[in-house]
Amino acid sequence: MGALGKPIILMVAMYVFIKFVLPNIPGSAPLPSSLIALYLLLTGSGIVIFQTLSKESKDAFWGPMQRFLTGENLGGLQALRYGVLILFPLLVGWQTYGSTAVSDLPPIESRTIHPAPPGEYTGLSNPVAKTPDNIMQGKGFYAAYCSPCHGGNFDGKGPAARGFVPAPANFADPTTIAMLQESYLFWRIKKGGVGLPIEGTPWKSAMPRWEVELPDEWIWKIIMGEYDGAHQSPRTWE
Amino acid sequence: MSAIQQGVKTIQRALPAVNAQGAWLAGLLLAAGWFALPSIGMAAEGTAAGPTEYRDIPYIGARNIIWVVAQLHLLLAGFVLGVPIFAWLCEVIAWRGGEKRYDKLAKEFTKLLTSAYATTALFGGILLFLLVAFYPKLMNYLTDVFFPSFLLYCLLFLLETATLYLYWYGWDAMQEGRKKSLHVFLGFLLNFFALFIMIVPNAWATFQASPVVIAEGTAFERAWAATWNPTWWPINIHRLIANVVLGGYICGAYAGVRYLSVKSTEDREHYDWMGYVGNFIGVFGLLALPFAGYWLMREIYQYNQQMGITLMGGFLSWLFILQAMLIGVLFLGSNYYFWLGITYRIPGSEAKYRKAMLMMLVSLLLCLAVWMTPHSLVASIEEAQKMGGAHHPLLGVLGVMSAKMTVSNLMILITFMSFVMYWRAGKQDTAGWAAFGKAVMGAILALASIAVIVLGVWGYFVPAIVRINYFSTSQVLIVIFVILTITPLTALLLKSARTTTEMVWGSMPPRAGYSLVLNAVMVILLMTLMGYARSSSRVHWHVYGVMRDTSPYAYSPALGSASLIMAFCTFFFCILVAFIFWVATMGDKYKTAAGAGKGDLPHGIPAMAGGAPDKGPQG
């Protein structure tokens, strides 16, 4: 069991780390099972690769498994072998059944985070001059219309944010509005959740369709205020 | 459509009647009827008012059949364009370095070209006929735009064919002196024409994604404007490198399969060495491929935000997680092969390099974990609620380009160092400056790795354009600098080094052969995946923003359905390549068998009819 013991300990340690340690780091959260499976798969692959690099390590790693499975000189462990040979196919069958059987649970989500904007919105540039006054006005509009959900600190933690799944976008996160052009934000604010294209369905956005309440100029000013307040810059090509 | 249904019914009525004649006849008729159905459809639509825009084929669908044939044509074209580069490089190495085995290897692969070339042209012809038949409106439009380049393409094909024939059939006749130089020049010409054969149709395909249309001007001016579209050169470079990778890995897979099946020591040594060369050339191209891919994606994003988001953030973004997995397996497989080479071909090296291999493996896996972590995660409702959305609050930062670019650069560095380690194994430095040289190389590698990571982290805190234009480019330049510095330094060191352990060819375990085959399958799958991504990024447009797809197939197939077609294309391409290899080597096997038979007889006299050459001399 020497050469097999270390890999088993490593796999268990990895699982414990991903499942129980990582989620408890401040600012973290539990990992979804898809990500846990991915990381364990990588760990397992690494073990197999390393243990099969030479004949000696391969024999030490694979030999006990082979002897166990073939029943060669197994002695008192024969019962365990039969148990594994019976239980393993049953486990695979149970997993297969579990993943294909009709269930009342909603399907696993693979949501499109950034649906593509319609052609008429691509390439639009902000027509409002970027002056301190306009930015300040934009922040004022933001405070009135956006901050209840997206937060006064632009961090997605407004007083109403708790009511939504998924949570409102955190603009201070460098992986949200900093990745997008201003024209994209203009489209999302103007058309809201109902304006998402087919690829974004079933859309999961409570974003109101602001075009019914706000003129375009205000929306452009809000965009400037958002970027400035969140200390981010829009994606540009110049 | 009613004519099609009528045709189906007619065949169905006819089937029971022929049942008595045997099932094979029924099958034959069914196949003939099925192939004839499009013509019924064509005739039916031809009677309608106005020009026909689309035709269809029952059960399979016009889009699917075009998809499969186009993908197979592209894969074969990649093989046919990649192998001459590979063969010519080997020939040059043999010509300049005097190692005859490289010449033999080059010839062995050039032999495949004649049959592979014909198969590629065959699929190209089928594709053209099908496109004209199923998508006449689109083909009319493209012909109108690209008419001059169609003529150029025909001319290039003639030149390429003539050069290929001269190159292959003149191989033995042009072996010595100036004739060899001429032969090498022919090889260069072959690749030169092949390059243009690739980039001319690339213009047609990239025009569909990023069209440049001018209303005025001559036919030539319009064709030239359409050709020089924003994604033309990025695709040209990307495909050129990808073809080298494909050629190298397919060579490796061929060697791997042969290595697993041959019996003699000489053959095992030869195919082991061939596998090494194939893997080396594949890796050599693979190191440059991510840079070209990044450039292509940048150009797409800059050309059209909608298309960029569809690919990288929209419904096609999941493809890039699959891509990361495939590339990850490819990197792991290539490195694994290098490491197996150190352990098995250079006896005694394992103890020396095992720790280094472990460190490289762990680093590669960490990089892969980052690369494969999506921005938005696959999660159940409960899991999403616990995370506060589809983003993980801590690991979500790994899902964006800054992280991906950093780890892909690091993986390239690691793979390059794997090769350097393999290169140095079994040799002892004797140069006086060896210690200093190694310290300099170590410092360059360490500083470069730190710089790549720092730029990657810093990339989160600067505007996107700074990251894209300066940071990502700097990361790439740093990696290129490392490769261009360490390679000559290592070569200089090894020039005076003493060989402590001779390389033992033919001693690799079977899993080395399997890993070579796995690498080739991964590359083919990658190409089919990216083929789907490139086509689907146009969504419901034949020519993006210019000509809308109004056929019943104006939707993007779901990833699951698409992956079935990708898997089929990969499988069928492997079968085709296996067939080409089998056909091309059939004569050699026969000659070898006949030669072995002759060798048993005194003075190579052919065995008499009815004689028994294995009985030995008669007393």
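Residues numbered from 1 in each chain as written. Chains lettered and ligands numbered in written order. Predicted model: local features only at pLDDT ≥ 70, side-chain atom pairs only at ≥ 80, totals over all residues.

1. Points about the overall build of chain B
Phase 1: Within chain B, the secondary structure is distributed over 18 helices and 4 strands.
Phase 2: For chain B, buried positions account for 42% of its 619 residues.
Phase 3: Of all intrachain contacts in chain B linking residues separated by at least 6 positions in sequence, the fraction that spans at least 24 positions is 77%. (Helix = DSSP H or I, 4+ residues; strand = E, 2+ residues; numbered from the N terminus. Buried ≥ 20, exposed ≤ 12 C-beta atoms within 10 Å, placed from the backbone. Contact = placed C-beta atoms within 7 Å.)

2. Considerations on the overall build of chain A
Phase 1: Broken down by element type, chain A carries 8 helices and 0 strands.
Phase 2: When the elements of chain A are put in sequence order from the N terminus, they spell out α-α-α-α-α-α-α-α.
Phase 3: For chain A, whose C-alpha radius of gyration is 27 Å, the value lies well above the compact-globule estimate of 18 Å for 238 residues.
Phase 4: With respect to the principal axes defined by its C-alpha atoms, chain A has extents near 85 × 40 × 35 Å.
Phase 5: Counting over 238 residues, chain A shows a buried share of 30%.
Phase 6: Within chain A, counting contacts between residues at least 6 apart in sequence, those at least 24 apart form 57% of the total. (Rg over C-alpha atoms; globule rule 2.2 N^0.38 Å.)

3. Details of unusual backbone geometry
Residues and elements named next belong to chain B.
Phase 1: Despite not being glycine, tyrosine 59 has its phi angle at roughly 70°, a positive value.
Phase 2: Of note, tyrosine 59 is situated in the loop between helix H2 (23-46) and helix H3 (62-97).
Phase 3: Phi at valine 539 is positive, roughly 40°, even though this residue is not glycine.
Phase 4: In this structure, valine 539 sits in the loop between helix H17 (510-536) and strand E3 (541-543).

4. Re the confidence of the model for chain B
Residues and elements named next belong to chain B.
Phase 1: The predicted model of chain B has a mean per-residue pLDDT of 85, with 88% of residues at 70 or higher.
Phase 2: Note on residues 14-20: pLDDT is under 50 here. Beyond four places in sequence and across chains, it has 7 contacts.
Phase 3: Low confidence marks residues 39-47, where pLDDT is under 50. Its contacts with residues over four positions away, or in another chain, come to 13 contacts.
Phase 4: Note on the complex model: pTM 0.84, ipTM 0.83. (pLDDT = per-residue confidence, 0-100.)

5. Looking at the domain arrangement of chain A
Phase 1: Assigned domains of chain A: these are domain 1 (2-100) and domain 2 (119-229).
Phase 2: Relative to domain 2 of chain A, the C-alpha centre of domain 1 of chain A lies at a distance of 46 Å. (Domains from an automatic or database assignment.)

6. Considerations on the interface of chain B and chain A
Interface size is commonly expressed as the accessible area that is lost once the parts come together.
Phase 1: Chain B puts 54 residues into the contact, and the matching count from chain A is 49 residues.
Phase 2: Mapped onto the side of chain B that touches chain A, the elements with two or more residues apiece are helix H10 (305-312), helix H11 (317-345), helix H12 (349-372), helix H13 (381-387) and helix H16 (464-495) of chain B.
Phase 3: No other element matches the 9 residues that H12 of chain B contributes to the side of chain B that touches chain A.

7. Thoughts on the domain arrangement of chain B
Residues and elements named next belong to chain B.
Phase 1: Here the domain parsing of chain B yields domain 1 (2-46), domain 2 (57-226 + 557-589) and domain 3 (319-547).
Phase 2: Inter-centroid distance (C-alpha atoms) of domain 2 to domain 3 is 29 Å.
Phase 3: Domain 2 puts 18 residues into the contact, and the matching count from domain 3 is 17 residues.
Phase 4: Of all the secondary structure elements, the ones that give two or more residues to the side of domain 2 that touches domain 3 are H3, helix H5 (136-169), helix H6 (177-209) and helix H18 (559-599).
Phase 5: With 6 residues, H18 is the single largest residue contributor to the side of domain 2 that touches domain 3.
Phase 6: When its residues are assigned to classes, the side of domain 2 that touches domain 3 shows 13 nonpolar, 5 polar and no charged. (Nonpolar A, V, L, I, M, F, W, Y, C, P; charged D, E, K, R; others polar.)

8. Digging into the packing of helix H14 (residues 401-424) of chain B against H16 of chain B
Residues and elements named next belong to chain B.
Phase 1: One way to put it is that H14 packs onto H16 with a least axis distance of 11 Å and a crossing angle of 5°. Considering their axes alone, H14 and H16 lie roughly parallel with respect to each other. Contacts from Ser402, Met405, Thr406, Asn409, Ile412, Leu413, Phe416, Val420, Trp423 and Arg424 of H14 reach H16 at Arg467, Ser472, Gln475, Val476, Val479, Val482, Ile483, Ile486, Thr490 and Leu494.
Phase 2: Partitioned by chemical class, the residues of the contact of H14 with H16 number 12 nonpolar, 6 polar and 2 charged. (Axes fitted to C-alpha atoms, helices over the stretch in contact; angles between N-to-C directions. Parallel < 35°, antiparallel > 145°, perpendicular 65-115°, else oblique.)

9. Focus: the nonpolar core
Phase 1: Counting residues in hydrophobic clusters, the biggest one holds 199 residues, and the most contacted among them are Phe79, Val80, Phe86, Val245, Ile250, Leu364 and Val523 of chain B.
Phase 2: Residue contributions to this core peak at 18 residues, all from H3 of chain B. (Core = buried A, V, L, I, M, F, W, Y, C linked by C-beta atoms within 7 Å.)

10. Quick word on the environment of valine 400 of chain B
Phase 1: Checked against the element boundaries, valine 400 of chain B lands in the loop between H13 and H14.
Phase 2: With 22 C-beta atoms counted inside 10 Å, the residue valine 400 of chain B sits in the buried group.
Phase 3: Along the sequence, valine 400 of chain B and glycine 313 of chain B sit 87 residues apart, while their C-alpha atoms lie 9.7 Å from each other.
Phase 4: Look past the residues within four positions of valine 400 of chain B in its chain and what remains in contact with it is Thr175 and Met179 of chain A together with His375 of chain B.

11. Notes on the environment of serine 181 of chain B
Phase 1: Tracing the backbone through its elements, the reader meets serine 181 of chain B in helix H6.
Phase 2: In this structure, the C-alpha to C-alpha distance between serine 181 of chain B and valine 92 of chain B, residues 89 residues apart in sequence, is 9.5 Å.

12. Things to note about the packing of helix H5 (residues 132-145) of chain A against helix H8 (residues 216-229) of chain A
Residue and element names in this part refer to chain A.
Phase 1: For the pair H5 and H8, the least separation of the axes is 7 Å and the interaxial angle reads 95°. As far as their axial angle goes, H8 and H5 are roughly perpendicular. Across the interface between the two elements, Asn134, Ile135, Gln137, Gly138, Lys139, Phe141 and Tyr142 from H5 touch Trp218, Lys221, Ile222, Ile223, Met224, Gly225, Glu226, Asp228 and Gly229 from H8.

13. Here we look at H11 of chain B
Residues separated by three or four positions in an α-helix point in the same direction, a consequence of the helix having 3.6 residues per turn.
Phase 1: Taking 1.5 Å per residue, 29 residues should reach 42 Å; H11 of chain B reaches 42 Å between its end C-alpha atoms and fits that length.
Phase 2: Most of H11 of chain B sits inside the fold, with 23 of its 29 residues counted as buried. (Expected span 1.5 Å × (residues − 1).)

14. Some details on the environment of proline 552 of chain B
Phase 1: In this fold, proline 552 of chain B is placed in the loop between strand E4 (547-548) and H18.
Phase 2: Separated by 489 residues in sequence, proline 552 of chain B and arginine 63 of chain B place their C-alpha atoms 9.4 Å apart.

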